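Here's the letter readout for the chains.
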Amino acid sequence: LVPPSAHVNAQPRAPLTLRAAGLLPLRPPLPSSMCQKPLGSKKKSKSTKAKPVLAPGALGACPALDPFPYPHVRAPPGLFDRRALLAVREELASLQRTFKETDLFKVYQTGDLANLDPADPRHAAALPRTMALRSALYSSEFRAWVRQLTGCTELTDQTDCSCNVYGGGGHLLCHDDVIGSRCVSYILYLSRPDEAWEAAHGGALELYEMQEAAEGLPQPCAAPSASLAPEFGSMVLFAVQPGRSFHSVGEVLSADEPRLSVSGWFHAAAPPPGADETASLSQLQAVAKASREP
């Protein structure tokens, strides 16, 4: 998953609204501070109490942990309230997003949604359901549910997430997600709410089995072993494991059906064991260092 501040250089390009991606009506794009809508531009709702983002009783259910090719969970649609997710999808249309392209990925991405401030009236007016979703994801109750599903260590309250749009040709190459104290990766899909995502559109989350390389370090197989479609309202979670949790986003093959998601990480207090030796980023850095040596 691509962090808001990627560890490789990205080439800037004009921001993309979801209108340009063929998703939603055009709204004024928000600057990096996230919001520029005028205050008091809308009448207040008769009810000031927002409906929960999580579906009633959602955390009482525990989707099965799939062990192949490494432990991961796919929570089907129904974990989150559908109307809340549609509202989040609409709000994200007003966010400014930056095109990022390197040898690893090609994607449009917002800034870190952790920067949204509930105390800022501009943010509160423009993105109430998005902030409610963020609060629900990083609540102590949801983090406890994630621990129960994945068997991971205790999670901190660090917020780390963004909105990602993969248009036609967008992709993310194979990597294991190990950076810093990331503990569990997640992707909540907001693509194509009224129709099933078709395999012909590409954009699947691809998971890889492992094989031993000549140097003895773990390497992913050449082809993915499992593919998960980005179905609206579904959520995928997996523990970040150095040299094991290899995954990619297959190239989006449709020019008219962008792959939209809110994705990020739950963090632990410390990096996972083995991060300095077997993580894909550590291996790349070691190879780069060796190539510079005489």
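Everything that follows concerns the structure shown earlier in this document.
Because the structure is predicted, anything quoted here is derived from the model rather than measured.

> How should I be thinking about the overall build of the chain in this particular structure?
From N to C terminus, the chain includes six helices and 14 strands. The buried share of the chain, reckoned over its 294 residues, is 50%. Taking the contacts inside the chain whose residues are at least 6 apart along the sequence as the reference set, 81% of them involve residues at least 24 apart. Accessible area of the chain: about 14100 Å², with a carbon and sulfur share of 54%.

> Please clarify how the pattern of salt bridges should be interpreted in this entry.
Opposite charge on two side chains allows them to pair when their charged atoms are near. If you walk through the whole model with that rule in mind, you get seven salt bridges. Residue Glu-198 pairs with Arg-192 through a salt bridge whose shortest N-O separation is 3.8 Å. Residue class for Arg-192 comes out buried when judged on its relative accessible area of 12%. Here Arg-192 makes a salt bridge to Glu-257, at a shortest N to O gap of 3.2 Å.

> How do you make sense of the environment of Ser-181 when you look at a structure like this?
Checked against the element boundaries, Ser-181 lands in the loop between β6 (171–175) and β7 (182–189). Sequence-wise, Ser-181 and Ala-275 are 94 residues apart; in three dimensions their C-alpha atoms are separated by 9.4 Å. Once residues lying within four places of it in the same chain are set aside, the contact partners of Ser-181 are Gln-158, Phe-266, His-267, Ala-268, Ala-270 and Pro-271. Side-chain polar atoms of Ser-181 contact the side chain of His-267, separated by 2.8 Å.

> I would appreciate a short explanation of the nonpolar core in the present structure.
Soluble globular proteins: nonpolar side chains tend toward being buried together. Grouped together as the largest cluster of nonpolar side chains are 45 residues, with contacts concentrated most on Leu-79, Phe-80, Phe-142, Met-235, Leu-237 and Phe-266. Mapped onto this core, the elements with two or more residues apiece are β2 (72–75), α1 (82–91), α3 (128–137), α4 (140–150), β5 (161–166), β7, β12 (235–239) and β14 (259–267). In this view, Phe-80 contacts Val-53, Leu-54, Ala-55, Leu-85, Leu-133, Leu-137, Phe-142, Leu-188 and Met-235; residues no more than four positions away in its chain are not counted. Core analysis: the next-biggest nonpolar cluster, separate from the first, contains nine residues, Ala-226, Leu-228, Val-236 and Phe-238 among them.

> Help me understand unusual backbone geometry in this model?
Most peptide bonds take the trans form, and the phi angle of most residues other than glycine is negative. Following Phe-68, the chain continues to Pro-69 via a peptide bond in cis, the omega torsion being -5°. Here Pro-69 is to be found in the loop between β1 (65–66) and β2. At Asp-177, a position not held by glycine, the phi torsion is positive, near 75°. Mapping Asp-177 onto the fold places it in the loop between β6 and β7. Even without being glycine, Arg-192 reaches a positive phi, approximately 45°. Its place among the elements puts Arg-192 in the loop between β7 and β8 (205–207).

What counts and what doesn't
Residues numbered from 1 in each chain as written. Predicted model: local features only at pLDDT ≥ 70, side-chain atom pairs only at ≥ 80, totals over all residues. Heavy atoms only, no water. Helix = DSSP H or I, 4+ residues; strand = E, 2+ residues; numbered from the N terminus. Buried < 20%, exposed > 50% of the residue type's maximum accessible area, 1.4 Å probe, protein only. Contact = heavy atoms within 4.5 Å. Areas by Shrake-Rupley, 256 points an atom, 1.4 Å probe, with all protein chains shown as cover. Salt bridge = Lys/Arg side-chain N within 4 Å of Asp/Glu carboxyl O. Polar contact = N/O pair within 3.5 Å; in protein donor to acceptor, adjacent residues only side chain to side chain. Core = buried A, V, L, I, M, F, W, Y, C linked by side-chain atoms within 4.5 Å.

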